[in-house]
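# Observations on the model geometry
This is what each chain is made of:
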Amino acid sequence: MANAYLQGVEISASQFLDIFHHYDNDGNGYIEGKELQNFIKELQQARKQAGLELTDKMKAFIEKYEQNADGKIGIIELVQILPTEENFLLFFRQQLKSCAEFMEAWRNYDADHSGYIEADELKNFLKDLLQRAKKPYDEKKLEEYTLTTLKIFDSNKDGKLCLSEMARLLPDQENFLLKFQDRNGYMDENELDALLKDLCEKNKKVLEVNKIPTYKSAIMALSDGGKLYRTELALVLCAEEM
């Protein structure tokens, strides 16, 4: 089925999800190693079978990764390669270009302040992004975008998106959870200090630089033995007032 979708001139949101899951064999959220090599091979075959030329983006992608056994790509990288309908996932990056903008959107759409964005809240989020981008849509298409986005980023399959799941929409250089959080799953005091300084630089209305030590002490009071986990970080960043 994935091969047939790759032959399409335009790929729908749901087809894109099927393609990603097909090649992400281990379900870790990336197409990497042998998975990536298989994708490149089958993409070339599918385009040839359909009588379609590789786009410039496809050619650049293949040149970069074809001989790179250690390469890996995520959702956002894939959507920029494939002719995805409306490039719906790119709306996030077009409208939310920085950590500060991301946090503002999170607070706006987490309407019940639960620390999660649920399906209805996500639907409103996407609706506003489509309207802001002046892209036509109907209720059926909006529902498809909502369900597909939820399926893509809901890594623990609980039917809602937490802060760290939504943060995957940000470019890596703007993704505070990737940039400041180790693979061990928590932040220490030094990483928190870097995060707070970054937020200050990006949005001076959020924090005052000279108050960082006070904020840091208050936040670290939530930590477990000097380790601040994602749940505690989400509670801090999603609060009405810092």
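Read on for an overview of the structure.

### Observations regarding the pattern of salt bridges
Oppositely charged side chains can form a pair if their charged atoms are brought close together. Under the definition given, this model contains three salt bridges. Where Lys 123 meets Glu 139, a salt bridge forms, and the shortest distance between an N and an O atom there is 2.4 Å. Within this pair, whereas Lys 123 is found in helix H8 (residues 119-132), its partner Glu 139 is found in helix H9 (residues 139-153), the two being separated by 16 residues in sequence. With a relative accessible area of 48%, Glu 139 lands in the partly exposed category. Linking Lys 141 and Glu 144 is a salt bridge whose minimum nitrogen-to-oxygen distance equals 2.9 Å. Highlighted residues: Lys 141 and Glu 144, both in helix H9, separated by three residues, approximately one helical turn.

### Quick look at H8
Structural remark: α-helix, 3.6 residues per turn; residues separated by three or four positions point the same way. The end-to-end C-alpha separation of H8 is 20 Å, in line with the 20 Å expected for 14 residues at 1.5 Å each. Taken as a whole, H8 has its buried residues at Glu 121, Leu 122, Lys 123, Phe 125, Leu 126, Leu 129 and Leu 130. Where H8 ends, the next residue or the one after it, Lys 134, has phi of about 60 degrees, a positive value.

### Section: the packing of H8 against H9
Relative orientation of the contacting elements H8 and H9 amounts to 120 degrees, with a least axis distance of 9 Å. Of the possible angle classes, the one that applies to H8 and H9 is oblique. Once H8 is placed against H9, the crossing between them reads as right-handed. Contacts from Ala 119, Leu 122, Lys 123, Leu 126, Lys 127 and Leu 130 of H8 reach H9 at Glu 139, Leu 142, Glu 143, Tyr 145, Thr 146, Thr 149 and Leu 150. Here the contact of H8 with H9 is composed, by residue class, of seven nonpolar, two polar and four charged.

### Description of helix H4 (residues 56-65)
Taken residue by residue, H4 has Met 58, Phe 61, Ile 62 and Tyr 65 as its buried positions. Down the axis of H4, the smallest arc covering the buried residues is 95 degrees, so these residues share one side. With respect to the buried face of H4, the exposed residues turned more than 90 degrees away are Asp 56, Glu 63 and Lys 64. Its buried side turned inward, H4 meets helix H3 (34-49), strand E2 (72-73) and helix H5 (75-81).

Definitions and cut-offs
Residues numbered from 1 in each chain as written. Predicted model: local features only at pLDDT ≥ 70, side-chain atom pairs only at ≥ 80, totals over all residues. Heavy atoms only, no water. Salt bridge = Lys/Arg side-chain N within 4 Å of Asp/Glu carboxyl O. Helix = DSSP H or I, 4+ residues; strand = E, 2+ residues; numbered from the N terminus. Buried < 20%, exposed > 50% of the residue type's maximum accessible area, 1.4 Å probe, protein only. Expected span 1.5 Å × (residues − 1). Axes fitted to C-alpha atoms, helices over the stretch in contact; angles between N-to-C directions. Parallel < 35°, antiparallel > 145°, perpendicular 65-115°, else oblique. Left-handed = near helix turned anticlockwise from the far one by under 90°. Contact = heavy atoms within 4.5 Å. Nonpolar A, V, L, I, M, F, W, Y, C, P; charged D, E, K, R; others polar. Arc of directions from axis to C-beta.

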